[in-house]
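Listed below, chain by chain, are the residues.
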Amino acid sequence: MTSNPGTPISRRTAIAGVVGAAITACTSSDSGEPAGDTVAESTTAPERTESTTTAAPTTTEAPRIDAIPSPAYAGDNPFVLGIASGDPDETSVVLWTRLVANDLALEQDVAVDVATDDTFTELVSSSLTTTTADHAHSAHVIAAALEPNSWYSYRFRVGDHTSPVGRSRTTPRPGQESPMRLGFSSCQNWESGGYAAHRHLAEADLDLFVWLGDYIYEYGPGNRGVVSSAGLREHDSPEVTDLAGYRGRYALYKSDPALQSHHAARPWAVTWDDHEIDNNHAGLTTEDGQEETAFLERRRAAHQAWWEHMPVRLDPPSGDTFRIHRSIHWGETASIHLLDGRQYRDPQPTDGDPVELGGVVVQTLGPTANDPAHTMLGTEQESWLIDAVDTSPGRWQVLGNQVYMHGLNALPGEVPTINTDSWDGYHGSRRALLEALAGTRAENLVVLTGDFHAASVGDVHTDPFDRSSPVVATEFMAPAISSTFPASLRPLAPLALAVNPQIRHFDPDNGFMTCVVDGATWTTELHILDDVTDEASGISVRASFAITNGTAGVA
Ligand code: FE
Ligand code: CA
């Protein structure tokens, strides 16, 4: 079951998506009228006109057709951004697509077929759902009344067009012990490399994929010193700051065939990090010191575009905040708690002593980082997490987390030198949170992490800088799909490892991690690409790690 996202998906969507089981030819995009509100990415569509006969309201944001040059998408086929599924529970899963075409109506129906076979002869349901221009013609359909622990095929149809076939599945039923094969990663900067990792993931034998943030990067082209892979790919618009911009950015990323095939291969469980909105923001404090009201507007746009493009079991955002932290349960085997480490965060501390390291400014651990009232998750989410870990059935209690928790002292010395954007910037509240989590009924705590564009495996002490403090969790930080680790920092890794014995393995290359989880053992494999700039890159398992039920830390 997927517990308490707080806002269950709307009844209207569920009913439209599932109960109407008749197989119906869709209404379609063949009216001959140009749509009143062409989607923003469309380059070949005519200018937006008011000449449609529909009385539906027009959207308030003007399409920035000239600002968002389109690559391959927006033709006749509405499925060029692919399909996806996510947030499974024991009887249902969310099926997603976003229609992009030149002649969509403001309200556009799409049919959804679910079957037990990939030729759709064993049909489970066939239904219609309505997509609307104000949600970028995205569909979030709950395929319900499914069998637990079972795989299904699904597809969408509009007129003569049929989407690729996706595969998705339900979780084991509550009380059932059943192994879980999990993949996870984060950070897929379009400009830093190809998505060969997704191509390999699409072919892997996995039940579920956990995405830990940085699905898009908001930057303009060639920005921030990102090493572009020999002109392979560039962002196609300036830094995105409004709804049309974020929509265009998601569409660009989702135009990648390897990413699409990975989405089609299995359900995802998705959270976000900073770049879905703005680099290293914390709550309403921004990288560039943007004024709060303006940033709030930007964040609302980013939240909406994220929701429109992700296969999440959440109602669309409607206010200034958007609660996305939620849990997914894999029978008795595992409970995965997806965290939001950005929206409720106190600002990164600034009162340590600055230290320059490989061109990056870090800080010594100062009073703010030590203050238990200075939090990353916010007190409400912390309470929710402690309760969720205490009451969830999984033998393995898993945190879907953004930034590393195992700590990293960048230099030898009495006072740790830290990256304030990581949990080290929230050192005091981390200790309190870890002690509270260790005091729950959870048998095992496993932390899955992204963000750092490097892989690590670490023992999580309640105080990472005090080796006598207890190890209460094991952390696996996945390498990035494509975002690269700064070359200037690579030479510092051996020294950092010598200073941080809690970090058992470190690897600054690209790829992902996979895990096989049963009642006795959790095994993680680290997969590393030969060359992230090569879309045809091979991949190999560089290391593997095991943890045992009842024992925190890597054996
Ligand atoms: Fe990243
Ligand atoms: Ca990040």
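Counting from 1, residues in each chain are numbered in the order their sequence is written. Here chains are named by letter from A upward and ligands by number from 1 upward, in the order in which they appear as written. Residues qualify for local features only when their pLDDT is at least 70, as the model is predicted, and side-chain atom pairs are given and counted only at 80 or more; totals for whole chains, interfaces and linings, by contrast, use all residues. Hydrogens and waters are ignored; side-chain quantities use all the structure's heavy atoms.

A. Just the environment of Thr440, in detail. Looking at where Thr440 falls in the secondary structure, it is placed in the loop between helix H8 (427-438) and strand S19 (444-449). Look at Thr440 and you get buried, because its relative accessible area is 12%. Taking the C-alpha atoms as reference points, Thr440 and Val389, 51 residues apart in sequence, are found 6.9 Å from one another. Reaching out from Thr440, the side chain makes a polar contact with the backbone oxygen of Leu437 at a distance of 2.7 Å. Put simply, DSSP marks the helices as runs of H or I at least four residues long and the strands as runs of E at least two long, and each gets a number from the N terminus on. Buried, partly exposed and exposed residues are distinguished by accessible area as a fraction of the type maximum, computed with a 1.4 Å probe on protein chains only: under 20%, between the cut-offs, and over 50%, respectively. Side-chain atoms alone can form a polar contact between residues adjacent in sequence; in general such a contact is a pair of N or O atoms within 3.5 Å, and within protein one must be able to donate a hydrogen while the other accepts it.

B. Examining unusual backbone geometry more closely. We note that Cys187 has phi near 65°; this positive angle belongs to a residue other than glycine. Following the sequence through the fold, Cys187 ends up in the loop between strand S10 (180-185) and helix H2 (196-203). By relative accessible area, Cys187 is classed as buried at 0%. A positive phi angle, near 60°, is found at His453, a position not held by glycine. Relative to the assigned elements, His453 resides in the loop between S19 and strand S20 (455-461).

C. Representation of the coordination of the iron ion (ligand 1) within the structure. Sites may look incomplete because water is not among the atoms; the donors themselves are N, O and S atoms within 2.8 Å of the metal, or within 3.2 Å for Na, K and Ca. Distances from the iron ion (ligand 1) to its protein donors, Cys187 (SG), Asp214 (OD), Tyr217 (OH) and His453 (NE2), fall within 2.0 to 2.5 Å. Under the classification used here, a metal with four donors is tetrahedral if each angle lies between 85 and 135 degrees, square planar if opposite donors are over 155 degrees apart and the others between 65 and 115, a six-donor metal meeting that same test is octahedral, and anything else is irregular. Around the iron ion (ligand 1) sit four donor atoms, and with donor-metal-donor angles ranging over 87 to 168° the site reads as irregular. Here the donor residues of the iron ion (ligand 1) are spaced in sequence according to C-x26-D-x2-Y-x235-H. Separating the iron ion (ligand 1) and the calcium ion (ligand 2) is a distance of 3.7 Å, and Asp214 donates to both of them. Here Cys187, found in the loop between S10 and H2, pairs with Asp214, found in the loop between strand S11 (208-211) and helix H3 (243-254); they are 27 residues apart in sequence, far enough to count as distant. By the burial criterion, Cys187 is buried, and Asp214 matches it.

D. The side chain of Asp274, seen in detail. Note that Asp274 resides in the loop between strand S12 (268-270) and helix H5 (292-309). Think of it this way: Lys and Arg go in the positive column, Asp and Glu in the negative one, and His and the chain ends go nowhere. Salt bridge criterion: a side-chain nitrogen from Lys or Arg within 4 Å of a carboxyl oxygen from Asp or Glu. The buried charged residue Asp274 lacks any salt bridge partner; its closest oppositely charged side chain belongs to Arg342, at an N-O distance of 4.1 Å. We call two residues in contact when some of their heavy atoms are within 4.5 Å. In contact with Asp274, other than residues within four places in its own chain, are Asp214, Asn279, Asn280, His281, Arg342 and Asp451.

E. Spotlight on the sheet that holds strand S15 (residues 354-357). Here we have three strands laid out as an open sheet, ordered S15-S16-S18, and antiparallel in their pairing. At either margin of the open sheet sits one strand with a lone partner, and together these are S15 and strand S18 (417-418). Only strands joined by at least two bridges in the DSSP assignment are considered to pair. Alignment of strand S16 (residues 360-364) against S18, held across two bridges, turns out to be antiparallel. Within the sheet, the bridge partner assigned to Thr364 lies in S18 and is Thr417.

F. The arrangement of the coordination of the calcium ion (ligand 2) in detail. Here the calcium ion (ligand 2) is held by the protein donor atoms Asp214 (OD), Asp273 (OD), Asp274 (OD) and Asp451 (OD), which lie 2.3 to 2.6 Å from it. Taken in chain order, the donor set of the calcium ion (ligand 2) reads D-x58-D-D-x176-D.

G. Local environment of the packing of aromatic side chains. When two rings of Phe, Tyr or Trp (its six-membered ring) have centres within 6.5 Å they constitute a pair, described as stacked for plane angles under 30 degrees, edge-to-face for angles over 60, and tilted for the intermediate range. This model, assessed by the stated rule, comprises 18 aromatic pairs. Residues Trp211 and Tyr215 carry aromatic rings whose centres are separated by 5.6 Å and whose planes lie at 75° to one another, so their mutual orientation is edge-to-face. Across this residue pair, the class does not change: Trp211 and Tyr215 are buried. When the ring of Trp272 is compared with that of Trp306, the centres are 4.7 Å apart and the planes differ by 65°; the resulting orientation is edge-to-face. Note that Trp272 is positioned in the loop between S12 and H5 and Trp306 in helix H5, a separation of 34 residues in sequence. An identical accessibility class is assigned to Trp272 and Trp306; each is buried. A network of ring pairs unites the aromatic residues Phe209, Trp211, Tyr215, Tyr250 and Trp268 as a single cluster.

H. View of the confidence of the model for the protein chain. Across the chain, each position has a pLDDT score giving the predictor's confidence in that residue, from 0 to 100. For the protein chain, the mean per-residue pLDDT works out to 87, and 85% of the residues sit at or above 70. In the predicted structure, residues 1-72 sits below a pLDDT of 50 and forms 148 contacts with residues beyond four places in sequence or in another chain.

I. Local environment of the packing of H2 against helix H4 (residues 257-265). What counts as an axis is a line fitted to C-alpha atoms, over the stretch in contact for a helix, and the angles between N-to-C directions run from 0 to 180 degrees. Taken N-terminus to C-terminus, the directions of H2 and H4 make an angle of 25°; their axes are 8 Å apart at the nearest point. Relative to H4, the element H2 is oriented roughly parallel. In the packing of H2 onto H4, the handedness of the crossing is left-handed. Across the interface between the two elements, His198, Arg199, Leu201 and Ala202 of H2 pack against Ala258, Leu259, Ser261, His262 and Ala265 of H4. In the scheme used here, Gly and all other residues not listed as nonpolar or charged are polar, with Ala, Val, Leu, Ile, Met, Phe, Trp, Tyr, Cys and Pro taken as nonpolar and Asp, Glu, Lys and Arg as charged. For the contact of H2 with H4, the per-class residue count stands at five nonpolar, three polar and one charged. The cut-offs work like this: below 35 degrees is roughly parallel, past 145 is roughly antiparallel, 65 to 115 is roughly perpendicular, and the gaps in between are oblique. Here a crossing is taken to be left-handed if its near helix is turned anticlockwise relative to the far helix by less than a right angle, and right-handed if that turn runs clockwise.

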